[in-house]
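Chain residues, written in single-letter form:
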Amino acid sequence: MADVPGRPDWGVLRGMMADLQKATKSLPDLQRRMLEVTGTAWSPDGMIKAVVGPRGHLLELDIDPRVLRQPNSKALSASIVRTVRAAVENAGEQSRELLSGSLPGDLRAIGDTDMTTFVGSHDADVRLRSEDRE
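All values reported here derive from a predicted model rather than from experimental measurement.

## A word on the pairing of strand β2 (residues 48-52)
In terms of burial, β2 is a largely internal element, 4 of the 5 residues being buried. In terms of strand pairing, strand β1 (residues 39-42) meets β2 through 4 bridges, oriented antiparallel. Note that in β2 the partner of Ala41 across the bridge is Ala50. Between β1 and the antiparallel strand that follows it, β2, lie 5 residues; Gly46 among them carries a positive phi value of about 75°. Bridge count for β2 against strand β3 (residues 58-63) is 5 bridges, and the pairing is antiparallel.

Okay, structure coming up:
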């Protein structure tokens, strides 16, 4: 039967429904994996390591003691903020990859292709604070 304007293509709709059912069935696993995401980053000089959780909260901050040999609190603070921001971006990339691989193509095509609605908002606090200081 040829496509008739105004009438649904039932085959396409069935395919979309099957994709949606598959995606919703895997949601508990996706949620678990999203909650396990951590982002890690090192400062350019390798003296600071930051690890953040899935929402950008700081889990670990390692500062090499050699930093204290030439104390500069403003430079240290700026380096910490940049490193944490990079870790948040790393976590966001991982979250976007998880979501992108789990959503049916039809849902990915609806618009938010880079998943910023789902993922990008969690690092807003880090971005805003760092922009205030710049």
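## Side note on the confidence of the model for the protein chain
Overall, the predicted model of the protein chain reaches an average pLDDT of 79, with 72% of residues at or above 70. Scored below 50 in pLDDT, residues 113-130 shows 29 contacts in the model against residues more than four places distant or in partner chains.

## Quick notes on the packing of helix α2 (residues 27-35) against helix α3 (residues 73-102)
Running from amino to carboxyl end, α2 crosses α3 at an angle of 170°, the nearest separation of the two axes being 10 Å. Accordingly, the angle class assigned to the pair α2 and α3 is roughly antiparallel. On α3, the residues touching Leu30, Arg33 and Met34 of α2 are Ser95, Leu98, Leu99 and Ser102. Taken together, the residues that form the contact of α2 with α3 break down as 4 nonpolar, 2 polar and 1 charged.

## With respect to the pattern of salt bridges
One pass over the structure, following the stated rule, counts 4 salt bridges. A salt bridge links Glu36 to Arg32, with the nearest nitrogen and oxygen atoms 3.1 Å apart. Among the charged side chains, a salt-bridge network with shared partners connects Asp29, Arg32, Arg33 and Glu36.

## What to know about a nonpolar patch on the surface
On the surface, Trp10, Val12, Leu13 and Met16 cluster together to form a nonpolar patch covering roughly 390 Å² of accessible area. Examined against the element boundaries, Leu13 turns out to sit in helix α1 (residues 10-25). Relative accessible area serves as the criterion here: at 34%, Leu13 is assigned to the partly exposed category.

## Notes on the nonpolar core
Among the nonpolar cores identified, the biggest contains 16 residues, and Leu30, Met34, Val52, Val84, Ala87 and Leu98 are the most heavily contacted of them. When residues of this core are traced back to their parent elements, those giving at least two are α2, β2 and α3. It is α3 that contributes the most residues to this core, 7 residues altogether. Other than its neighbours up to four places away in sequence, Leu98 contacts Leu30, Arg33, Met34 and Val37.

## Digging into the sheet that holds β3
Read across the sheet, 3 strands follow the order β1-β2-β3 without closing on themselves; strand pairing throughout is antiparallel. At either margin of the open sheet sits one strand with a lone partner, and together these are β1 and β3. Each neighbouring strand pair of the sheet contributes to a mean axis angle of 10°, computed without reference to strand direction.

About the thresholds
- Each residue is numbered by its place in its chain's sequence as written, counting from 1.
- At least 70 in pLDDT is required for a residue's local features to be given in this predicted model, at least 80 for side-chain atom pairs to be given and counted, and no such filter applies to totals for whole chains, interfaces and linings, which use all residues.
- Hydrogens and waters are ignored; side-chain quantities use all the structure's heavy atoms.
- Burial status follows relative accessibility: with a 1.4 Å probe on protein chains alone, a residue under 20% of its type maximum counts as buried, one over 50% as exposed, and anything between as partly exposed.
- Secondary structure elements follow DSSP: runs of H or I of four or more residues count as helices, runs of E of two or more count as strands, with numbering from the N terminus.
- In this scheme, strands are said to pair when DSSP sees at least two bridges between them.
- A score between 0 and 100, pLDDT records how confident the predictor is in each residue.
- By definition in these notes, contact holds between two residues if any of their heavy atoms fall within 4.5 Å.
- The angle between two axes is taken between their N-to-C directions and runs from 0 to 180 degrees, where each axis is a line fitted to C-alpha atoms and a helix contributes only its stretch in contact.
- The labels follow the angle: roughly parallel below 35 degrees, roughly antiparallel above 145, roughly perpendicular from 65 to 115, and oblique for the rest.
- Following the grouping adopted for this structure description, the nonpolar residues are Ala, Val, Leu, Ile, Met, Phe, Trp, Tyr, Cys and Pro, the charged ones are Asp, Glu, Lys and Arg, and the polar ones are all others, Gly among them.
- Whenever a carboxyl oxygen of Asp or Glu lies within 4 Å of a side-chain nitrogen of Lys or Arg, that contact is scored as a salt bridge.
- Note that patches include only residues with greater than 30% relative accessible area and no salt bridge, and the join distances are 9 Å for like charges and 5 Å for nonpolar side chains (Val, Leu, Ile, Met, Phe, Trp, Tyr).
- Note on areas: Shrake-Rupley, 1.4 Å probe, and residue coverage restricted to the protein chains presented here.
- The criterion is simple. A nonpolar core is a set of buried Ala, Val, Leu, Ile, Met, Phe, Trp, Tyr and Cys residues joined through side-chain atoms within 4.5 Å.

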